[in-house]
Amino acid sequence: MKLFLLSIFHVLTLSKTPDSLDNKAKQVQFQKYVEGLANTPFMANGMMGISIKSVTTNKVLVSHNAQKSLAPASTLKLISSATALSTLGENYTYTTQLNYSGQIADSVLTGDIIIKGSGDPSLGSWRIEKQMDYKTLFDTWTQKIKILGIKEIKGRVFADASLFEENVLPDTWIWTDMGNYYGAGAYGLNIHENLYYAVFKPSQYLGEATLVKTIPDLPYYQKINKVLTDKPKTGDQVNIYSTPYQDILVMQGFVPAGDTFAVKGSIPDPALFAAYSLQKKLEEIGIKVQDNPLSSLEVSKKKMTYQKPLQTMNIAVYTSPPLGELSKACNYQSINLYAEAFLKTFSAISSFGNSTKDAIKGLKQIWQSKGVNLSGFNIKDGSGLSPSNGITADNMTDILKAMYSEKSFKAFYESIPVVGESGTVAHLGKKSKAVGNVRAKSGSIEGVRAYAGYFTAKNGELMCFSFMLNKYNSDFGSATKELEKLITMMVEL
């Protein structure tokens, strides 16, 4: 009997190739490393979620707290872009319309020039090749209006951002983020990525830094400047406080001593800025405009009466790059605005609703209908900026796995930066086997570091992964270095 059992053991051992034994040993080694890391002072008061699995089978390589809900930071952008691509398709484009209402007679337009937004986050952006920046866009539109023979407008320039709900900011974003560029809300009409620069002239140490100007000019906002001068090379320490409903920009903090220093802020009402800028261009070439520029948000905010025309005539249509290209910009550069716009765009077009809350409900329905278990999935925005977001590592990998079966998978996969080569992970994993193999979206907010994406295992099988660290103690280590080590170990599985 003993001899028989030894023979069976010998047969089973021989049936396992050296490679399979080696892979199993590496999985065990990886799992032990993760569990050891979880018990270090670095993670003693925090939580780590790890999930690595095949995209084509039910094989799970590594799992640690994979069903615990944690903050994903910007890795959440993968889910927003995946949702938009799977529902709208990689070739979907945004179309922003320039229209007019009323009649043109004797070179006079009795009516309004209307900019109708489609939620395009890239309109007027400098970022995407061959796309008109906002200055060129307004110059082009001005010339198209001139071609109509209009010399006077008995009306105004009106910017319609009503495609999305007026409450454009997710409920759980924090006050110190909202007025800064990375905290720009996604409106029905966005322009120049809703970005402006506040330019300061520093003085002596702890002296007041003078606000020289904003670029572009925002003359219709009051600026309260409480910015002081710090020592040289101390960087940007300024917070800009504003919301879509304020007419005041409060600037507080420190800029470094030296030359003029620019700080990025978010335009509180980009539609109003678009209307103001176009009207200013028209007046510069001699076209008179009777009334002040106006946006749909201003109408609501000031309880004004604006009768939208029943019929308009089109002057020009601006078409964005395809969604696949915009998703690459979103994930490579981690642009919050793009992710928030993707989330609300798919929702509005799919008739789930035009608010962030509506979009989140719609997103859940989409992935549940594809068989994804969303237990522990509780998100508050599309970009990951909210510290209240919670997903599990399994939520992420299950969505990444489901995305593999979608027609738009190739575009989605190519929208994710390559470790050691591109995007926010260009400097990660240098001189390791992860370079060129791993596609990873990074995530970082206070107390959170995360990576998620895909890699090819040693046997050629495509895998997906999610790593999240929450509430780690940076006195005992570097979250980025620990995650980098996990990524370099992962490709050996």
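Just above, that's the structure.
Note that the structure is predicted; figures quoted are calculated from it, not measured. (Residues numbered from 1 in each chain as written. Predicted model: local features only at pLDDT ≥ 70, side-chain atom pairs only at ≥ 80, totals over all residues. Heavy atoms only, no water.)

Chemist: Just checking my understanding: could you explain the sheet that holds strand β10 (residues 210-215) for this structure?
Modeler: Consider a sheet: its strands pair through backbone hydrogen bonds, and that pairing is either parallel or antiparallel. The strand order across the open sheet formed by 3 strands is β10-β9-β14, and the pairing between neighbours is antiparallel. Each edge of the open sheet carries a strand with a single partner, namely β10 and β14 (261-266). The average angle at which neighbouring strand axes cross in this sheet is 30°, direction not considered. With 5 bridges joining them, strand β9 (residues 195-201) and β10 adopt antiparallel strand pairing. Within β10, the position partnered with Ala-198 by the bridge is Thr-214. (Pairing = 2+ DSSP bridges. Helix = DSSP H or I, 4+ residues; strand = E, 2+ residues; numbered from the N terminus. Axes fitted to C-alpha atoms, helices over the stretch in contact; angles between N-to-C directions.)

Chemist: What exactly am I supposed to notice about the pattern of salt bridges here?
Modeler: A side chain with one charge can pair with a side chain of the opposite charge if their charged atoms come near. Within the structure shown, the criterion is met by 16 salt bridges. With a shortest N-O distance of 2.8 Å, Lys-53 and Asp-398 are connected by a salt bridge. One end of the pair, Lys-53, is in strand β1 (residues 47-54); the other, Asp-398, is in helix α11 (residues 393-403), and 345 residues separate them in sequence. In this structure, the salt-bridge partner of Glu-298 is Lys-301, at a minimum N-O distance of 2.8 Å. With Glu-298 and Lys-301 both in helix α7 (residues 296-301) and 3 residues apart, the pair spans about one turn of that helix. Here the salt bridges share partners, and the residues they tie into one network are Lys-26, Lys-433, Lys-458 and Glu-492. (Salt bridge = Lys/Arg side-chain N within 4 Å of Asp/Glu carboxyl O.)

Chemist: Can you help me understand the nonpolar core in this one?
Modeler: Note on soluble globular proteins: their nonpolar side chains tend to be buried together. Formed by 54 residues in total, the largest nonpolar core has its most connected members in Ile-79, Tyr-338, Trp-367, Phe-412 and Tyr-454. Looking at this core, the elements with two or more residues in it are α3 (76-88), α8 (323-333), α9 (336-349), α10 (356-369), α11, α12 (409-414), β19 (448-456) and β20 (462-470). Listed in part, the 44 residues of the second largest apolar core include Trp-141, Ile-267, Leu-282 and Ile-287. (Core = buried A, V, L, I, M, F, W, Y, C linked by side-chain atoms within 4.5 Å. Buried < 20%, exposed > 50% of the residue type's maximum accessible area, 1.4 Å probe, protein only.)

Chemist: Help me understand the packing of aromatic side chains, please; the structure alone is not making it clear to me.
Modeler: Remark: the centre distance and the inter-plane angle together describe each pair of aromatic rings, the angle taken between the planes. Here the structure, examined in full by the defined rule, presents 20 aromatic pairs. With centroids separated by 6.3 Å and ring planes inclined at 85°, the aromatic side chains of Phe-412 and Tyr-454 adopt a geometry described as edge-to-face. Of the two residues, Phe-412 sits in helix α12 while Tyr-454 sits in strand β19, which places them 42 residues apart along the sequence. For Tyr-454, a relative accessible area of 0% puts it in the buried group. Through a chain of ring-to-ring contacts, the aromatic side chains of Tyr-404, Phe-409, Phe-412, Tyr-413 and Tyr-454 assemble into a single cluster. The cationic tip of Lys-370 hangs over the ring face of Trp-367; the distance from NZ or CZ to the ring centre is 5.9 Å. (Phe/Tyr/Trp six-rings, centres within 6.5 Å; stacked < 30°, edge-to-face > 60°. Lys NZ or Arg CZ within 6 Å of the ring centre and 35° of its normal.)

Chemist: Sorry, what's going on with unusual backbone geometry here?
Modeler: Note: most peptide bonds trans; most residues except glycine with negative phi. Of note, the bond from Ile-215 into Pro-216 is cis; its omega dihedral lies within 30 degrees of zero at -5°. Position of Pro-216 relative to the elements: it lies in the loop between β10 and β11 (222-230). Within the chain, Ala-73 stands out as a residue other than glycine whose phi angle is a positive 50°. Despite not being glycine, Ser-334 shows a phi value in the positive range, around 55°. Tracing the sequence through the fold places Ser-334 in the loop between α8 and α9.

Without other data, these values stay purely geometric and don't point to any function.
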